[in-house]
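In case you want the letters, here they are:
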Amino acid sequence: MRITWIKPEELIEHELVQAVEENRDVASLRAYWEEAKMTKLDVAELRQLIPGLWSQLAAVPPGPYEAVEPSELAGIFQQCMAPKSPLNIDLDSTTLRDKILGGWLGRSAGCLLGKPVEGKPREWIEMLLKSSNRWPLDNYFTAQGVPSEVFAQCTWHKSYVEALRENIVCMPEDDDLNYSMLNLHVAETFGPAFTGEDVLQTWLTTLPVLQLFTAERVAYLNALHLLTPPDTATYQNPYREWIGAQIRADLWGWIAPGNPRLAAELAYRDAMISHTKNGVYGEMFFAAVISASFIAENVQDAIMIGLEYIPRQSRLSQAICSTVELHRQIECFEEAVDRIVDKFGKYHWVHTINNTALVVAALLYGNNDFEKSICNAVMGGWDTDCNGATVGSILGVLHGAETLPAKWIKPLNNRIRTSLHGFDNSSFDELAERTLVQVQQFARK
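Summarised in this report is the structure supplied together with it. These numbers were taken from a predicted model, which means no experiment stands behind them.

1. Some points on the nonpolar core
Within the largest apolar cluster, 153 residues are counted, with the highest numbers of intra-cluster contacts made by W104, F141, W203 and M284. Excluding residues within four positions of it along the chain, M284 makes contact with L73, I76, F77, A264, A267, Y268, Y309 and I310.

What follows is the structure, encoded as C-alpha cells:
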C-alpha cells in the first residue's frame, strides 16, 4: 500500500529543510539524521529516532523571520497596509456574473493546460514542445507528433491522458478545482460566519484523505487525532508554507468582488487550518488579487493591491516585489524565469514562494493577454497546473467570460467532473450562478 506525505521519515526530512528555510540553526540535527540514515538500515529502527528529533527541533530557537511573519490574522494585518474600505465597484449583476464565470472558466483552462506536465522540469517541457514544433506553447498539449525519444528523459504526469488536446471532453477532476467547489459548499452551508473548523469538518466529511496532499493531508490526519486549528497546521506539518492553501484562494476572491480585505480575511480562515506564515499569505494574496481584478484596469494594478494584504517584510512579499522589479528591468520572460529559478529554485517545486514569483512573472509578462499569461505560467515549470489555474482565474475575472478565447474555453464543454457530492457534471454556468448568490450573502456581512 502506497501512502505518501505522512510517513514519519518523510515528515522529519522535510521539517529539517523547513527549519533551514526559516533560518533556524539545525545543522547538528541534520548531520545526526544523515548519519542515522546511513547506519540504520531498518526503517522501523530509524523511525524510533524520529520522536526525539521532533522534540529537539521544537527546542531550537526561532529564526529572524518570526518577528515579521506572523500567522495570526491580527498580526498579519498589523504588518501590512490592509486598507479596510472596499474599492469603488459599480458592476451590474450581468457583468458581475460574467466575471465570476470568467474566473471559473479561466481557472479550469489554465489548470487543464498545466496538468500533463505538472512537476516536470522546465527544460524538459521546452524540449517536449520544440520536438513537435510547438514552442512557444499556444494550445493544450498533444501527444501527436512528439518523438518517442523525448520520453527517454521524462514522461507526462500520471493524469495526462484526459488533459491532452485530442482527449479533452470537459474539465476532468482536479484538486485545484475541487477546492473551489468545496469552498462554495462551505459558503453555502455555513454563510459569512464560517470558521476554519467548518472548513476542516467539510474536508473530513467530503474528501477521502488520499484526495489531499502535503499540508492538507497532514492537517487531515491531525484532525483525526482530535487536534483543532491552528494546531492542525503546526503539529509535525513540514509542508505548512507550501502551495496547498494558495490553490484554495479563488472562491474567496470571487465572492468578495472589489473587497480585497474581506477576500483576504476569508482566505485566512481557510488557510489557517493547514498552513502558517507564507503558506497563509499565498492564499490571502491571491484572494485579494482576484477580488481586485473585478475592478482593476490591468493585472499590474491588481497585483499591487494584493500586496497590501500580506506582511511587507515577509519572504513572500519580498519575492513578489523582486519579481515586479525584475519585470521593470528585463524584457524577456525566459530570462526573467532564469533569474527567478536562480533566486528561488532552492524551494520545493510545490512551495508557495517560488511558485508565487513565477505566477506574478507570468501575469506581468503576459501583459493582460489570457493565452500568453497561462502559457507563460506553464512553460515556467514547477507546479504547472496550480500556476496555470491561478493565472487563468485572475485573467478570467479581469476580462470576463464573454471575451475569453474560444480555443481555450470551448473544449471544456461547459462541464466539470468531480468526486465531490452534489457537484459532479456541474455546468460552469450553474457554478457561476451559485457563486453570484454568495456574493450577495457575503456583501451583507
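2. Points about the pattern of salt bridges
Summed over the entire model, instances satisfying the criterion amount to 27 salt bridges. Here R24 makes a salt bridge to E15, at a shortest N to O gap of 3.9 Å. Residue R24 is classed as buried on the basis of its relative accessible area, which comes to 14%. One connected set of salt bridges, linked through shared partners, spans E15, E22, R24 and R240.

3. Focus on unusual backbone geometry
Here W135 and P136 are connected by a cis peptide whose omega angle stands at -5°. Considering the arrangement of structural elements, one finds P136 in the loop between helix 7 (122–130) and helix 8 (175–190). Cis geometry is adopted by the peptide bond preceding P230, which originates at P229 and carries an omega value of 5°. With respect to the secondary-structure elements, P230 resides in the loop between helix 10 (214–224) and helix 11 (231–234).

4. Remarks on the layout of surface pockets
In this structure, the largest pocket spans a volume of roughly 810 Å³. Along its surface, the largest pocket is lined by 30 residues, and W5, E118, H157, K158 and F213 are the ones closest to its centre. Elements supplying a minimum of two residues to the lining of the largest pocket: helix 8, helix 10 and helix 20 (384–399). Looking at side-chain class alone, the lining of the largest pocket contains 12 nonpolar, 6 polar and 12 charged residues. Lining the second largest pocket are 24 residues, with E22, E66, T234, R240 and T276 positioned closest to its centre. When the residues that make up the lining of the second largest pocket are grouped by side-chain class, the tally is 10 nonpolar, 6 polar and 8 charged.

5. Here we look at the packing of aromatic side chains
Each aromatic ring pair is summarised here by two numbers: the centre-to-centre distance and the angle between the ring planes. This model, assessed by the stated rule, comprises 15 aromatic pairs. Pairing W104 with W254 gives two aromatic rings, centres 4.6 Å apart and planes at 45°, and the pair type is tilted. With W104 in helix 6 (residues 93–114) and W254 in helix 12 (residues 250–254), the pair connects residues that are 150 residues apart, well separated along the chain. Taking relative accessible area as the criterion, W254 reaches 0% and is therefore assigned buried. Ring plane angle 70° and centroid distance 4.8 Å describe the contact between F285 and F286, whose orientation is recorded as edge-to-face. A relative accessible area of 0% places F285 in the buried class. These aromatic residues form a ring-pair network of at least three members: W124, F141, F151, W156 and Y160. The ring of Y65 is capped by R315, whose NZ or CZ atom sits 4.5 Å from the centre of that ring.

6. Structural notes on empty space enclosed by the protein
Taken as a whole, this structure holds 1 cavity of 30 Å³ or more when the rule is applied. Quantified by volume, the largest cavity comes out at close to 40 Å³. Contributing to the lining of the largest cavity are L128, L129, S132, R134, F141, T142 and V146. Class assignment for the residues of the lining of the largest cavity results in 4 nonpolar, 2 polar and 1 charged.

What counts and how
Residues numbered from 1 in each chain as written. Predicted model: local features only at pLDDT ≥ 70, side-chain atom pairs only at ≥ 80, totals over all residues. Heavy atoms only, no water. Core = buried A, V, L, I, M, F, W, Y, C linked by side-chain atoms within 4.5 Å. Buried < 20%, exposed > 50% of the residue type's maximum accessible area, 1.4 Å probe, protein only. Contact = heavy atoms within 4.5 Å. Salt bridge = Lys/Arg side-chain N within 4 Å of Asp/Glu carboxyl O. Helix = DSSP H or I, 4+ residues; strand = E, 2+ residues; numbered from the N terminus. 1 Å grid on protein atoms, 1.4 Å probe; cavity = no way out; pocket = protein on both sides within 12 Å on 5 of 7 lines; lining within 4 Å. Points joined across faces, edges and corners; volume = space filled by probe spheres on them. Nonpolar A, V, L, I, M, F, W, Y, C, P; charged D, E, K, R; others polar. Phe/Tyr/Trp six-rings, centres within 6.5 Å; stacked < 30°, edge-to-face > 60°. Lys NZ or Arg CZ within 6 Å of the ring centre and 35° of its normal.

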